[in-house]
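Chains, contacts and geometry: an overview
These are the residues of each chain, in order.
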Amino acid sequence: NDIIQLMYGVEYAAAGPVFVFCLIGACLAMMTSGASSLLISADRQSSILLLAIVCGLVKLGLDAVLIAYFGLTGATIAFVSMAGISAVAYIVLGCRVSHAQLEWGRLARIMLAAALAGLAVWPLRGHWLPWVFVPLGAAIVGLLYVLLTLLLGCWSRGDIEHLQHLHMRFVAGRPRFGARLLEWAHHRAHVGGAT
């Protein structure tokens, strides 16, 4: 709601829940970009085209039924449902092509880190004007999320080595706390990734 109020004013506050669900759908769609890139590089364009056609037809069907009966709520449900179905389809197809397996433990820890970061700023809602809360909340969530993913072992050793390289390259290893945190996370990270 704060983002909607910041961008459009109090009059559009009712669009807040729809915006939240649309963000969820957009995140689900973004998650499939790696799988779709893998399918393209594996010369599976026909599979991508077939999947796009099937998903498009399902989306049209969901829209026709849900919007007719539930209006904007139905459109939101159709969008998020289709984003979830599409994400699952792309990821399953990508895993089959690459013979890879999802690291469910790491995915669960990533979601836990995101949930904890979001819950940390939840009590701050309503205490500041939207133009203060939105950037401040985003900064707090971003910082907490990065720290929590390091603490929960969501990064592989290779990931952390890359972060250490970026930290040295762009800020010359400052602050030292950041360098020490990355070094600690590197020592405890699994070589092939968190398990």
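For the structure itself, consult the block above.
Rules used throughout
Residues numbered from 1 in each chain as written. Predicted model: local features only at pLDDT ≥ 70, side-chain atom pairs only at ≥ 80, totals over all residues. Heavy atoms only, no water. Axes fitted to C-alpha atoms, helices over the stretch in contact; angles between N-to-C directions. Helix = DSSP H or I, 4+ residues; strand = E, 2+ residues; numbered from the N terminus. Contact = heavy atoms within 4.5 Å. Nonpolar A, V, L, I, M, F, W, Y, C, P; charged D, E, K, R; others polar. Expected span 1.5 Å × (residues − 1). Salt bridge = Lys/Arg side-chain N within 4 Å of Asp/Glu carboxyl O. Buried < 20%, exposed > 50% of the residue type's maximum accessible area, 1.4 Å probe, protein only. Phe/Tyr/Trp six-rings, centres within 6.5 Å; stacked < 30°, edge-to-face > 60°. Polar contact = N/O pair within 3.5 Å; in protein donor to acceptor, adjacent residues only side chain to side chain. Core = buried A, V, L, I, M, F, W, Y, C linked by side-chain atoms within 4.5 Å. Patch = residues over 30% accessible without salt bridge, like charges linked within 9 Å, V, L, I, M, F, W, Y side chains within 5 Å. Areas by Shrake-Rupley, 256 points an atom, 1.4 Å probe, with all protein chains shown as cover.

It is worth spelling out the packing of helix α6 (residues 130-151) against helix α8 (residues 176-188) at this point. At a minimum axis separation of 9 Å, α6 and α8 run at an interaxial angle of 35°. Contacts between α6 and α8 involve L147, L150 and L151 from the first element and L181, L182, W184, A185 and R188 from the second. A breakdown of the residues in the contact of α6 with α8 according to their chemical character gives seven nonpolar, no polar and one charged.

Bringing unusual backbone geometry into the picture now. Look at the link from R174 to P175: it is a cis peptide, with omega at -5°. One non-glycine residue, D43, lies in positive phi territory at about 60°. By the element assignment, D43 lies in the loop between α3 (33-41) and α4 (45-98).

Below, the discussion takes up α6. It helps to recall that an α-helix has 3.6 residues per turn; residues three or four apart then point in one direction. Relative to the 32 Å expected for 22 residues at 1.5 Å per residue, α6 spans 30 Å between its end C-alpha atoms, a close match to the ideal helical length. Each element contacted by the buried residues of α6 is listed here: α1 (2-8), α5 (104-121), α7 (157-171) and α8. Where α6 terminates, the next one or two residues include G153, which has phi positive at roughly 70°.

As a further point, take the pattern of salt bridges. Counted by the stated rule, this structure contains three salt bridges. Linking D63 and K59 is a salt bridge whose minimum nitrogen-to-oxygen distance equals 2.8 Å. Separated by four residues within a single helix, D63 and K59 lie in helix α4, roughly one turn from each other. Measuring nitrogen to oxygen at the nearest pair gives 3.5 Å for the salt bridge that ties E103 to R106. Note on E103: relative accessible area 36%, which makes it partly exposed. On the basis of relative accessible area, R106 is assigned to the buried category, the value being 15%. Residues participating in the shared-partner salt-bridge network are E103, R106 and D159.

Before going further, it helps to spend a moment on the environment of I40. With respect to the secondary-structure elements, I40 resides in helix α3. Non-local contacts of I40, meaning those with residues more than four positions away in its chain, are made with Q45 and I48.

This part covers the packing of aromatic side chains. This structure, assessed with the given rule, holds one aromatic pair. Ring centres of Y8 and Y12 lie 5.9 Å apart, and the angle between their planes is 55°; this geometry places the pair in the tilted category. A residue is classified by how much of its surface remains accessible, and Y8, at 51% relative accessible area, is exposed.

All right, on to the side chain of H186 then. By secondary structure assignment, the location of H186 is in helix α8. A polar side-chain atom of H186 sits 3.0 Å from a polar atom in the side chain of E161. Beyond its immediate chain neighbours, meaning those up to four positions away, H186 contacts R157, I160, E161 and Q164.

Turning our attention to the nonpolar core. A35, L39, I48, L51, C55, M82, Y90 and V97 together form the largest nonpolar core, which totals eight residues. Counting only elements with at least two residues in this core, the list comes to α3 and α4. The element best represented in this core is α4, accounting for six residues. In this structure, L150, I160, L181 and A185 belong to the second largest nonpolar core, which totals six residues.

A cluster of nonpolar side chains, contributed by I3, L6, M7, Y8, Y12, L129 and W131, occupies part of the molecular surface with about 780 Å² of accessible area. In this structure, L129 sits in the loop between α5 and α6.

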